[in-house]
Amino acid sequence: PPNMFADLLGIGSDTRAESIHPSPFAKERRPIVVATDVTTLYRERGPQNTEKIRKHIQSIVQNTPGNVAVFVPSYRFLEDTFEDLYIPGVKKEIESKSWSKKDIGSLLVNLEEAPRIGRKILLAGVFNGRLSEGVDYAGGLLDTVICVGIQNAPPSVFQKSYGNYIKDKFGQNNHWRYANSQPAINTILQAMGRPIRAMGDRALIVLLDRRNTDRTYSICYPPDIRMNQVSNSEGSGRFAKRFFSRVKRETDI
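All values reported here derive from a predicted model rather than from experimental measurement. Position labels on residues start from 1 in each chain and follow its written sequence. Restriction of local features to residues with pLDDT of at least 70 applies here, the model being predicted, together with a cutoff of 80 or more for giving and counting side-chain atom pairs; totals for whole chains, interfaces and linings are based on all residues. As a rule here, side-chain values come from all non-hydrogen atoms in the structure, and water together with hydrogens is ignored.

**Some details on the layout of surface pockets**
- For each structure, a 1 Å grid was placed over the protein atoms alone; sets of points admitting a 1.4 Å probe that cannot get out are labelled cavities, open sets with protein on both sides within 12 Å along at least five of seven lines are labelled pockets, and lining residues have an atom within 4 Å of a point. Grid points are joined across faces, edges and corners, and a volume is the space filled by probe spheres set on the points. Quantified by volume, the second largest pocket comes out at close to 490 Å³.
- For the second largest pocket, the lining is made up of 24 residues, of which Asn 152, Ala 153, Pro 154, Pro 155 and Asn 180 are closest to its centre.
- At the level of secondary structure, the elements contributing two or more residues to the lining of the second largest pocket comprise helix H6 (157-170) and helix H7 (172-192).
- With five residues, the top contributor of residues to the lining of the second largest pocket is H6. Helical segments are the DSSP runs of H or I of at least four residues, strand segments are the runs of E of at least two, and each set is numbered from the N terminus.

Written out as structure tokens, the structure reads:
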């Protein structure tokens, strides 16, 4: 929000003005769906929750005609989620810390070529990594982006000190949003925007964490964002199927 950034930059209310503009990108070209049966909240993690996340990913990939990118909170989470994940006819590309600029370039070429040879790629990376922030997937390289979880900063001496500074400077009411929830949602917004680079682009956005609908986090999204909810992997798959069927009809006309 404009007020938060003005506060953090030390721009006083007497010297600032704010203006909020709606996104020029049509909402029907980038629908957002939230799964309410999964979360990466630490105390609720476990094999059953991870399996539900995998089923959402499988269902969405199977109902998406082209490439899909998935972004998760950590490399450990990346390994746990994708090591045993198999989807017939889909090639997995899992981000590695050792990838070079050349590796990224080759990946983009593969994403572009995949639809031409009748296959699709499941790309998996981490929030704040090279694939979620450093690469633009222009020209319709991605049909769907899946964001798993909400990446709040882990407890640390720095985070505790920063939180106390926010509390002292801007008050208890702004503490959690300024120090935690808004930066976490900004990370998701960065990932969500990867496939939407031009007015004609279209992509399905899937958020695999029910906390996105909680007020703590929902107020951190732009006010014009609408979140469609599904309660299981069958629901997310159906949503994807309907969206891409509509896109195909519009393209064929």
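**Side note on the packing of aromatic side chains**
- Between the rings of Phe, Tyr and Trp (Trp by its six-membered ring), a pair exists once the centres lie within 6.5 Å; its type follows the angle of the planes, with under 30 degrees stacked, over 60 edge-to-face, and the other angles tilted. Tallied over the entire structure, the rule returns two aromatic pairs.
- Here the aromatic rings of Phe 158 and Tyr 162 are separated by 6.0 Å at their centres, their planes lie at 5°, and the arrangement is stacked. Here the residue Phe 158 and the residue Tyr 162 both occupy positions in helix H6, the gap between them amounting to four residues, near one helical turn.
- Note on Phe 243 and Phe 244: the rings are 4.9 Å apart at their centroids and 65° apart in plane angle, and the pair reads as edge-to-face. With respect to class, Phe 243 is no different from Phe 244; both count as buried. Exposure is judged per residue with a 1.4 Å probe applied to protein chains only, and the accessible area is read against the type maximum: over 50% gives exposed, under 20% gives buried, and values in between give partly exposed.

**Examining the sheet that holds strand E1 (residues 32-35)**
- A pair of strands is considered paired only if DSSP assigns at least 2 bridges between the two. Read from one edge to the other, the open sheet built from seven strands follows the order E3-E4-E2-E5-E6-E1-E7, with strand pairing classed as parallel. Since the sheet does not close on itself, it has two edges, and those belong to strand E3 (90-94) and strand E7 (227-230), each with one partner. Geometrically, the sheet is characterised by an average inter-axis angle of 20° between neighbouring strands, direction not taken into account.
- Inspection of the sheet shows E1 paired to strand E6 (residues 204-208) by three bridges, in the parallel sense. When the sheet's bridge partners are listed, Val 34 is paired in E6 with Leu 207.
- Note on contacts: a residue pair qualifies if any of its non-hydrogen atoms lie within 4.5 Å across the two residues. Between the N-to-C directions of two axes lies an angle of 0 to 180 degrees, each axis being a line fitted to C-alpha atoms and, for a helix, fitted only over the stretch in contact. Lying over the sheet, helix H4 (residues 101-113) contacts E3 and strand E4 (120-126), oriented at roughly 145° with respect to E4.
- Across the face of the sheet, H7 comes into contact with E1, strand E2 (68-72), strand E5 (144-148) and E6 while running at roughly 160° to E5.

**Concerning the side chain of Ser 59**
- Position of Ser 59 relative to the elements: it lies in helix H2 (residues 47-62).
- We call two N or O atoms a polar contact when they sit within 3.5 Å, provided that within protein one can donate a hydrogen and the other can accept it, with sequence-adjacent residues counted only if both atoms are side-chain atoms. Among the polar contacts made by the side chain of Ser 59, one reaches the main-chain amide nitrogen of Gly 237 at a distance of 3.4 Å.
- Apart from the residues lying within four places of it in its own chain, the contact partners of Ser 59 are Ser 233, Ser 236 and Gly 237.

**Describing the side chain of Ser 132**
- Positionally, Ser 132 belongs in helix H5 (residues 130-133).
- Here Asn 128 takes part through its backbone nitrogen, which lies 3.0 Å from a polar atom of the side chain of Ser 132.
- There is a polar contact of 3.3 Å between the side chain of Ser 132 and the backbone nitrogen of Gly 129.
- Aside from chain neighbours lying at most four places away, what touches Ser 132 is Phe 71, Val 126, Phe 127, Gln 190, Ala 191 and Arg 194.

**A closer look at H7**
- Counted at 1.5 Å a residue, the expected span for H7 with its 21 residues is 30 Å, and the 30 Å between its end C-alpha atoms agrees.
- What is called the bend at a residue is the angle between a pair of axes, fitted to the seven residues leading up to and ending at it and to the seven starting from it. The sharpest bend along H7 measures roughly 40° and falls at Tyr 178.
- Considered for burial, the residues of H7 that qualify are His 175, Tyr 178, Ala 179, Asn 180, Ser 181, Gln 182, Ala 184, Ile 185, Thr 187, Ile 188, Ala 191 and Met 192. One fewer than the residue count of a helix, multiplied by 1.5 Å, yields its expected span.

**Observations concerning the packing of H2 against helix H3 (residues 75-82)**
- Orientation of H2 relative to H3, taken along the N-to-C sense of each, is 75°, at an axis distance of 10 Å. Comparing the axis directions of H2 and H3 gives the class roughly perpendicular. Across the interface between the two elements, Thr 50, Ile 53, Arg 54 and Ile 57 of H2 pack against Phe 77, Asp 80, Thr 81 and Phe 82 of H3.
- Residue type decides the class: Asp, Glu, Lys and Arg count as charged, Ala, Val, Leu, Ile, Met, Phe, Trp, Tyr, Cys and Pro as nonpolar, and the leftover types, Gly among them, as polar. Across the contact of H2 with H3, the residue classes break down as four nonpolar, two polar and two charged. Here is the rule for angles: anything less than 35 degrees is roughly parallel, anything more than 145 is roughly antiparallel, 65 through 115 is roughly perpendicular, and the remaining ranges are oblique.

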